[in-house]
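The primary structure of each chain is shown beneath.
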Amino acid sequence: VVVLSVMNGAQETLRDSILGATPHIYVQQSTTGSLRMDDWAGVAERVREVEGVVSARPFVLTQIGILRPGPYAQASDLYGIRTDAGNDASELEQLLAGPEYLGAEQGDLPGIVIGEQLADRMDLYSGDTVQVIAFESMRPHPMLGFSPATKSMVVIRRVNTGLYDYDIRSSYVRMETLQELLDLEPDQASGIYVRVEDPWEAESVREGIRERLGGYP
């Protein structure tokens with residue numbers, strides 16, 4: 001009985017951590033062939049009309065290289081987070097949008113929050129400056145033909161979600177910072193994060209979203 005209770009408690013903790021850090025449904029514009037969605041505000045408004053949907057928020061996501069001072073770089077998934085009021089896409093986004101993280105006043109350089117395991121691997125702490133390299137947005141170069149977009153950023157904080165797989169590969173910036181890095185317009189995003197009233201009903205809600213949008217989310 002004791003062993004089963006401990007195992008059930010561990011499963012519940014893991015489940016709550018995953019659901020707290022991960023949206024229940026992703027909506028993407030598959031016709032573009034990449035993580036690009038036009039008019040995300042209009043899409044989100046239509047998604048919110050579906051029964052069972054609690055919130056629908058835009059996200060921007062790309063893969064980057066983080067270069068710290070010295071010859072050492074690490075790959076990361078970089079998420080663009082909205083910091084406006086009412087961010088309820090996930091518990092993690094609510095935390096990151098707060099005043100202690102990306103909601104803090106930005107200085108001369110945009111801020112970046114890095115997963116604690118990734119930060120440990122790179123020996124990064126608050127106040128360190130890093131170079132972010134985005135290979136998705138290649139730009140013409142007079143000597144090299146094309147070069148990736150790069151931007152200097154300052155580490156605001158490290159974040160620990162309790163999930164090693166997240167914290168070893170994830171980093172976060174304000175959504176508008178990542179849009180600028182990727183040459184996206186304000187009305188463009190990678191897709192929509194959706195949270196539903198009952199996570200176990202996500203499959204049926206997904207079908208409702210598909211019908212509402214007239215495509216496959």
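Model, not experiment: these values are computed from the prediction.

(A) Inspection of the overall build of the protein chain at higher detail. On a plain count of helices and strands, the protein chain comes out with seven helices and ten strands. Per-residue burial over the protein chain gives 44% buried out of 217 residues. Long-range contacts, defined here as pairs at least 24 residues apart, represent 73% of the contacts in the protein chain between residues at least 6 apart. Just so you have it, the protein chain exposes about 11500 Å², and 52% of that area is on carbon and sulfur atoms.

(B) The environment of Lys151, seen in detail. Residue position: Lys151 is located in strand β7 (residues 145–159). It is 5.8 Å that separates the C-alpha atoms of Lys151 and Gln131, two residues lying 20 residues apart in sequence. Sequence-distant contacts of Lys151, that is, excluding residues within four places in its chain, are made with Pro110, Val130, Gln131, Val132, Glu180 and Leu181.

(C) Just the confidence of the model for the protein chain, in detail. For the protein chain, per-residue confidence averages 83 on the pLDDT scale, and residues scoring 70 or more make up 81% of the total. The lowest-confidence element of the protein chain is helix α1 (residues 2–21), averaging 52 in pLDDT; the highest-confidence one is strand β5 (residues 111–115), averaging 96.

(D) Geometry of the side chain of Gln188. Tracing the chain through its elements places Gln188 in strand β9 (residues 188–189). If near-sequence neighbours (up to four positions away) are discounted, Gln188 is found in contact with Met37, Asp38, Trp40, Met175, Gln179 and Asp183.

(E) Representation of a negative patch on the surface in the model. Together, Asp38, Asp39, Glu185 and Asp187 line one region of the surface with negative charge. Among the structural elements, Glu185 can be located in the loop between α6 (175–181) and β9. We classify Glu185 as partly exposed; its relative accessible area is 48%.

(F) Examining the pairing of strand β4 (residues 72–81) more closely. Burial runs high along β4: seven of the ten residues are buried. When strand β3 (residues 53–68) meets β4, the two strands line up antiparallel, connected through nine bridges. Paired with Leu67 across the two strands is Ala73, which belongs to β4. The loop that links β3 with its antiparallel partner β4 comprises three residues; one of these, Gly70, has a positive phi angle of about 105°. In this structure, β4 lies alongside strand β8 (residues 170–174), joined through five bridges in parallel fashion. Of the residues in β8, the one forming a bridge with Gly80 is Val173.

(G) Fine view of the packing of helix α2 (residues 40–48) against helix α7 (residues 202–213). Their axes nearest at 9 Å, the elements α2 and α7 cross at an angle of 125°. If you check the angle between α2 and α7, you find them oblique. The two elements α2 and α7 meet at a crossing, and its hand is right-handed. Judged by residue contacts, Val43, Arg46 and Val47 of α2 engage Ile209, Arg212 and Leu213 from α7. Among the residues forming the contact of α2 with α7, the class breakdown is four nonpolar, no polar and two charged.

(H) Summary view of the packing of aromatic side chains. Tallied over the full model, the rule gives four aromatic pairs. Look at Tyr26 and Phe59: their rings are 5.9 Å apart centre to centre, the planes differ by 80°, and that puts the pair in the edge-to-face class. One end of the pair, Tyr26, is in strand β1 (residues 25–27); the other, Phe59, is in strand β3, and 33 residues separate them in sequence. Residue classification places Tyr26 among the partly exposed residues on the basis of a relative accessible area of 38%. Both rings, one in Phe59 and one in Tyr193, keep their centres 4.2 Å apart while their planes meet at 10°; by these two values the pair is stacked. One end of the pair, Phe59, is in strand β3; the other, Tyr193, is in strand β10 (residues 191–196), and 134 residues separate them in sequence. Across the pair, Tyr193 and Phe59 agree in class, each one buried. One cation-aromatic arrangement involves Arg169 over Tyr166; the distance from NZ or CZ to the ring centre is 5.8 Å.

(I) Region of the structure containing the environment of Val132. Relative to the helices and strands, Val132 resides in strand β6 (residues 129–141). Using a relative accessible area of 0% as the deciding quantity, one classes Val132 as buried. A C-alpha to C-alpha distance of 5.9 Å links Val132 and Gly65, two positions 67 residues apart in sequence. Here Val132 is in contact with Ile64, Gly65, Leu78, Ile112, Ala149, Thr150, Lys151, Met153 and Leu181, once residues within four sequence places are set aside.

Conventions and cut-offs
Residues numbered from 1 in each chain as written. Predicted model: local features only at pLDDT ≥ 70, side-chain atom pairs only at ≥ 80, totals over all residues. Heavy atoms only, no water. Helix = DSSP H or I, 4+ residues; strand = E, 2+ residues; numbered from the N terminus. Buried < 20%, exposed > 50% of the residue type's maximum accessible area, 1.4 Å probe, protein only. Contact = heavy atoms within 4.5 Å. Areas by Shrake-Rupley, 256 points an atom, 1.4 Å probe, with all protein chains shown as cover. pLDDT = per-residue confidence, 0-100. Patch = residues over 30% accessible without salt bridge, like charges linked within 9 Å, V, L, I, M, F, W, Y side chains within 5 Å. Salt bridge = Lys/Arg side-chain N within 4 Å of Asp/Glu carboxyl O. Lys, Arg positive; Asp, Glu negative; His and termini not counted. Charge placed at Lys NZ, Arg CZ, Asp CG, Glu CD. Pairing = 2+ DSSP bridges. Axes fitted to C-alpha atoms, helices over the stretch in contact; angles between N-to-C directions. Parallel < 35°, antiparallel > 145°, perpendicular 65-115°, else oblique. Left-handed = near helix turned anticlockwise from the far one by under 90°. Nonpolar A, V, L, I, M, F, W, Y, C, P; charged D, E, K, R; others polar. Phe/Tyr/Trp six-rings, centres within 6.5 Å; stacked < 30°, edge-to-face > 60°. Lys NZ or Arg CZ within 6 Å of the ring centre and 35° of its normal.

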